[in-house]
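Coordinate inspection notes
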Amino acid sequence: MRTGLIPALALCLWAGLGNAACRQALALGLDVSGSVDAREYRLQMDGLAAALDSARVRQALLIMPDTPVELLVYEWSGPEDPAVILPWTAVVNEPALNAIIGALRATERRQATPGTALGLAMREGVAHLNERPECWKRTLDLSGDGKSNLGPRPVDVKPEIEPTGITINALVIGADAPTLGDTRQAEISGLSAYFHSNVIVGSDSFVETALGFEDYGIAMARKLERELETIILGQVRP
């Protein structure tokens, strides 16, 4: 847990908050493996904060304050490295959302092993979502810039998750500096196909793409808008 996180969030937590209905539990898993350098880590963290701070995402998050979205953010890389950087927090009002955004912008990188244990990252996110069985919809977002190379294969983890009703979406991050021609587009197309086949779960699941970490915040905002629209417009209750 990062220092400074609890004081920032304590401003928006009060007794009885857990009694509010939850329309969506949204867990976001961020890739901090060895392929993500210090600059890319900062772009990823600040990009998520900027996405949450965008006008359309703010509106979607706050449109139903009596049935809020609950957010959790964790980092993943090797088998021993998952860490929650934002515990489950209900987005009940502007101060709550502002505290979340501020906590993400203040988060500093920790040491992590270089491996990419994507299957374990899927299980980690599902374990967190299982803490919120009362939420109308449960969604896991996994960001990643490479294929799994440690632990169980994502394709073998998918059958464990499919009966749970949890949706897994992905944000695939392409190379920041292609050397020539269509290198970046070809790379991201292949990685997107991998996540489609091996990672995402659910009838309405999808893969969003970012053409490098510079594009991460904009791509994350697009993904959040789509996910939050689904739960607002869908018939989640008879």
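Read on for a plain summary of the structure. None of the values given here were measured: they were computed from a predicted structure. (Residues numbered from 1 in each chain as written. Predicted model: local features only at pLDDT ≥ 70, side-chain atom pairs only at ≥ 80, totals over all residues. Heavy atoms only, no water.)

1. A short note on the side chain of Lys137
Tracing the chain through its elements places Lys137 in strand E4 (residues 137–144). Accessibility expressed as a relative area gives 16% for Lys137, which makes it buried. (Helix = DSSP H or I, 4+ residues; strand = E, 2+ residues; numbered from the N terminus. Buried < 20%, exposed > 50% of the residue type's maximum accessible area, 1.4 Å probe, protein only.)

2. Quick look at the nonpolar core
One broad rule of soluble globular proteins: the nonpolar side chains tend to lie buried together. By size, the foremost hydrophobic cluster in this structure holds 35 residues, and its most contacted members are Leu48, Leu52, Leu71 and Leu104. At the level of elements, strand E1 (24–31), helix H2 (38–53), helix H3 (55–62), strand E2 (69–76), strand E3 (83–90), helix H4 (94–106), strand E5 (167–173) and helix H8 (216–233) are the ones that each hand at least two residues to this core. Discounting residues that sit within four places of it in the chain, Leu71 has contacts with Leu26, Leu28, Leu52, Leu86, Pro87, Trp88, Thr89, Val91 and Ile100. Trp88, Met122, Ile168 and Val172 belong to the second-largest nonpolar core, a separate cluster that totals 29 residues. (Core = buried A, V, L, I, M, F, W, Y, C linked by side-chain atoms within 4.5 Å. Contact = heavy atoms within 4.5 Å.)

3. With respect to the pairing of E1
Of all 8 residues in E1, 8 are buried; the element is thus mostly enclosed. Neither face of E1 is left uncovered, since the one carrying Gln24, Leu26, Leu28 and Leu30 and the one carrying Ala25, Ala27, Gly29 and Asp31 both have all their residues buried. Pairing between E1 and E2: 8 bridges, direction parallel. Within E2, the position partnered with Leu28 by the bridge is Val73. Where E1 lies against E4, 6 bridges are found, and the strand directions are parallel. Note on E4: the bridge partner recorded for Leu28 is Asp141. (Pairing = 2+ DSSP bridges.)

4. A few points about the environment of Ser35
Looking at the element boundaries, Ser35 is found in the loop between E1 and H2. Of the residues examined, Ser35 reaches a relative accessible area of 42% and is grouped as partly exposed. Taking the C-alpha atoms as reference points, Ser35 and Pro114, 79 residues apart in sequence, are found 7.1 Å from one another. Setting aside its immediate chain neighbours within four residues, Ser35 contacts Glu40 and Asp145.

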